[in-house]
Amino acid sequence: MDGKISKRSTIVDIARIAGVTPKTVSRALNDAPYVSEAVRRKVKDAAAALDYHPNIAAQSLIARRSFLIGLTYERPSPSYVVELQNGALARLENGRYRLIVLPFSHVASRPAELGKLLLRAGLDGVLLAPPACDQSELLDMLERQKLAYARITPHSELDRGTVVAMDEVAAGHAVAAYILALGHRSVGIILGDPSHAASKGRLEGYRQAFGDVGLSIDETLIVTGDFTYDVGYQVALGLLRRAPRPTAILAQNDDMAVAAIAAARDLGLVVPGDVSIAGFDNSEVSRTAWPQLTTVHQPVREMAWDAADRLIAALDGKDEVAVPHRRDHSHELLVRASTAPPPG
């Protein structure tokens, strides 16, 4: 360890201490093949002794890569966004890739604009959350420009690209079947954003559950809450002011379900004594609401982690056989205190 070392250690310093070439240091630190385990350990021990931290900008110039992963989504609930980011960040932690978050509104009406934004951002790859993951025009642009992507819970063209999926229809069926099993027959439904395929999938699941017991959904009890608390509150007020009012409400995310609980209270109703309310996502707000919300657990964090992991594997040239293009994640119905049999 004798000798003068620069203020900020470099791979040249590590090479001198480890007794190897700078190129070998680079390969060892990046876990490249054809480096013996003994040499790799010696290089990493020297790097630790020097408190070496790689200069990502310099790595990018040398490799002609940015080591940037994008994450794009469209104004869903804040808790959903946090789970997406936390999942991706957990996978990128302590690695050479960094995350850039790129929110974008009205994706369905302007997918080409989003594509241009992603291509200008200098990314190595991008994670596409709904509804961007279902835009064929966007996928075409990314493929033409050879920008790698992974899709989180898409609903169309599931054989295209790297896919991390959950069966929204089955999840919607599970929560609706539970409400029907409690004895509810007049059920209000608060949809999310109609441009999101998840909203359509969950509604299809509701319809299947009603069909299983020989019923049809009352179409006059279907309203759109846009996945937001404010709109959800207003449309829930409208449902609960009806005569007769529905005995239960299925909301397509937890933010709208909690808004429906607030609307019920403001009208002097008791949840679940007068009206049962169920949500979707198992977000933090579902656990802090009172009463706690019956909901569907959607493993958002795990799916984001998985999508980032598969995208990085593709970028680093891992064997495609070892990294299948699609993985399905399971939902779980969580029964809590916001649901009960109908009054009377």
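Above this text you will find the structure in question.
The present account deals with the structure reproduced in this document.

Parameters and conventions
Throughout this description, residue numbers start from 1 for each chain and increase along the sequence as written. Reporting in this predicted model follows two pLDDT cut-offs: at least 70 for local features of residues, and 80 or more for side-chain atom pairs to be given and counted; totals over whole chains, interfaces and linings ignore these cut-offs and use all residues. The basis for every side-chain value is the complete set of non-hydrogen atoms in the structure, without hydrogens or water. Put simply, DSSP marks the helices as runs of H or I at least four residues long and the strands as runs of E at least two long, and each gets a number from the N terminus on. Relative accessibility under 20% of the residue-type maximum defines a buried residue, over 50% an exposed one, and the middle range a partly exposed one, all with a 1.4 Å probe and only protein chains included. The contact rule is simple, with two residues in contact once any of their heavy atoms fall within 4.5 Å. In short, DSSP must find at least two bridges between two strands for them to pair. Each axis is a line fitted through C-alpha atoms, and for a helix only the stretch in contact is used; angles between axes span 0 to 180 degrees, taken between their N-to-C directions. Throughout this description, the term nonpolar core refers to a set of buried Ala, Val, Leu, Ile, Met, Phe, Trp, Tyr and Cys residues connected via side-chain atoms within 4.5 Å. Roughly parallel means an angle under 35 degrees; roughly antiparallel, over 145; roughly perpendicular, 65 to 115; everything else is oblique. Asp, Glu, Lys and Arg are counted as charged, while Ala, Val, Leu, Ile, Met, Phe, Trp, Tyr, Cys and Pro are counted as nonpolar; the rest, among them Gly, fall into the polar class. Between 30 and 60 degrees the pair is tilted, below 30 it is stacked and above 60 it is edge-to-face, where a pair is any two Phe, Tyr or Trp rings, Trp via its six-membered ring, whose centres lie within 6.5 Å. Helix span, as expected, comes to 1.5 Å for every residue beyond the first. Salt bridges, as used here, are contacts in which a Lys or Arg side-chain nitrogen is within 4 Å of a carboxyl oxygen on Asp or Glu. Clockwise travel from the first strand over the helix to the second, with the strands pointing away from the viewer, marks a crossover as right-handed.

**A short note on the environment of I17**
- Along the polypeptide, I17 turns up in helix α1 (residues 11–18).
- Accessibility expressed as a relative area gives 30% for I17, which makes it partly exposed.

**Re the environment of L139**
- Its location among the elements puts L139 in helix α7 (residues 136–144).
- Every residue in contact with L139, bar those within four places of it in the chain, is listed here: L128, C133, Y149, R151, E157 and R160.

**So, the sheet that holds strand β1 (residues 68–72)**
- One open sheet holds the 6 strands; their spatial order is β2-β1-β3-β4-β5-β11, and the pairing between them is parallel. Each edge of the sheet is formed by a strand with only one pairing partner; in this case those strands are β2 (98–101) and β11 (326–329). Within this sheet the neighbouring strands show an average axis-to-axis angle of 20°, counted without direction.
- Where strand β5 (residues 162–166) meets β11, 4 bridges bridge the pair, whose relative direction is parallel. Across the sheet, the residue bridging to M166 is H329, located in β11.

**Section: unusual backbone geometry**
- The omega torsion of the bond from P130 to P131 falls at 0°, within 30 degrees of zero and hence cis.
- Inspection of the secondary structure assignment puts P131 in the loop between β3 (125–128) and α7.
- In this structure, the amide linkage connecting W290 to the following residue, P291, adopts the cis form with an omega of -5°.
- Along the chain, P291 falls in the loop between α12 (284–288) and β10 (295–297).

**What about the nonpolar core?**
- Of all hydrophobic cores here, the largest spans 45 residues; its most connected members are I69, L84, L127, I189, Y206 and L250.
- Those residues in contact with I189 that lie beyond four places of it in its chain are L203, Y206, I217, L221, I222, V223, L239 and L250.

**What about the sheet that holds strand β6 (residues 187–191)?**
- Across the sheet, 4 strands lie side by side as β7-β6-β8-β9; this open sheet has parallel pairing. Looking at which strands have only one partner, the edges of the open sheet turn out to be β7 (222–224) and β9 (276–278). Across the sheet, the axes of successive neighbouring strands diverge by a mean angle of 20°, strand direction being ignored.
- Packing of helix α8 (residues 168–181) onto the sheet brings it into contact with β6, β8 (248–251) and β9, and relative to β8 it is tilted by some 175°.
- Contacts from helix α10 (residues 229–240) reach β6, β7 and β8, with the element oriented near 160° to β6.

**Brief notes about the packing of α1 against helix α2 (residues 22–29)**
- Closest axis-to-axis distance for the α1/α2 pair is 8 Å, and the angle between their directions is 100°. By the angle between their directions, the pair α1 and α2 is classed as roughly perpendicular. Across the interface between the two elements, I11, V12, I14 and A15 of α1 pack against P22, V25 and L29 of α2.
- Here the residues of the contact of α1 with α2 are counted per class, giving 7 nonpolar, no polar and no charged.

**Remarks on the packing of aromatic side chains**
- If you walk through the whole model with that rule in mind, you get 1 aromatic pair.
- Aromatic side chains F67 and Y97 sit 5.6 Å apart centroid to centroid with 65° between the ring planes, which places their arrangement in the edge-to-face category. Within this pair, whereas F67 is found in the loop between α4 (56–63) and β1, its partner Y97 is found in the loop between α5 (78–92) and β2, the two being separated by 30 residues in sequence. Across the pair, exposure class does not vary: F67 and Y97 are buried alike.

**Quick notes on helix α13 (residues 300–315)**
- Between its first and last C-alpha atoms α13 spans 22 Å; for 16 residues at 1.5 Å apiece the expected length is 22 Å, and the two agree.
- Listing the buried residues of α13 in full gives V300, M303, A304, D306, A307, A308, R310, L311, I312, A313 and L315.
- Elements in contact with the buried residues of α13: β1, α5, β3, β4 (148–152), β5 and β11.
- Within two residues after α13, G317 carries a phi angle of roughly 75°, on the positive side.

**Comments concerning the pattern of salt bridges**
- A full pass over the atoms with the stated rule returns 16 salt bridges.
- Across the pair R160 and E143 runs a salt bridge, and its minimum N-O distance is 2.9 Å. In this pair, R160 is assigned in the loop between β4 and β5 and E143 in helix α7, connecting sequence segments 17 residues apart.
- You can call R160 buried: its relative accessible area is 14%.

**Overview of the pairing of β6**
- With 5 of 5 residues buried, β6 is to be regarded as a mostly interior element.
- Taking every second residue as pointing to the same face, both faces of β6 are buried, with V187, I189 and L191 on one and G188 and I190 on the other.
- Bridging between β6 and β8 involves 4 bridges; their strand directions are parallel. Bridge assignment links V187 to a residue of β8, and that residue is A248.
- Pairing of β6 with β7, which is carried by 3 bridges, proceeds in the parallel orientation. For I189, the partnering residue across the bridge sits in β7 and is I222.
- Once you follow β6 into helix α9 (residues 197–212) and on to β7, the crossover reads as right-handed.

Taken by themselves, the reported measurements are silent on function.
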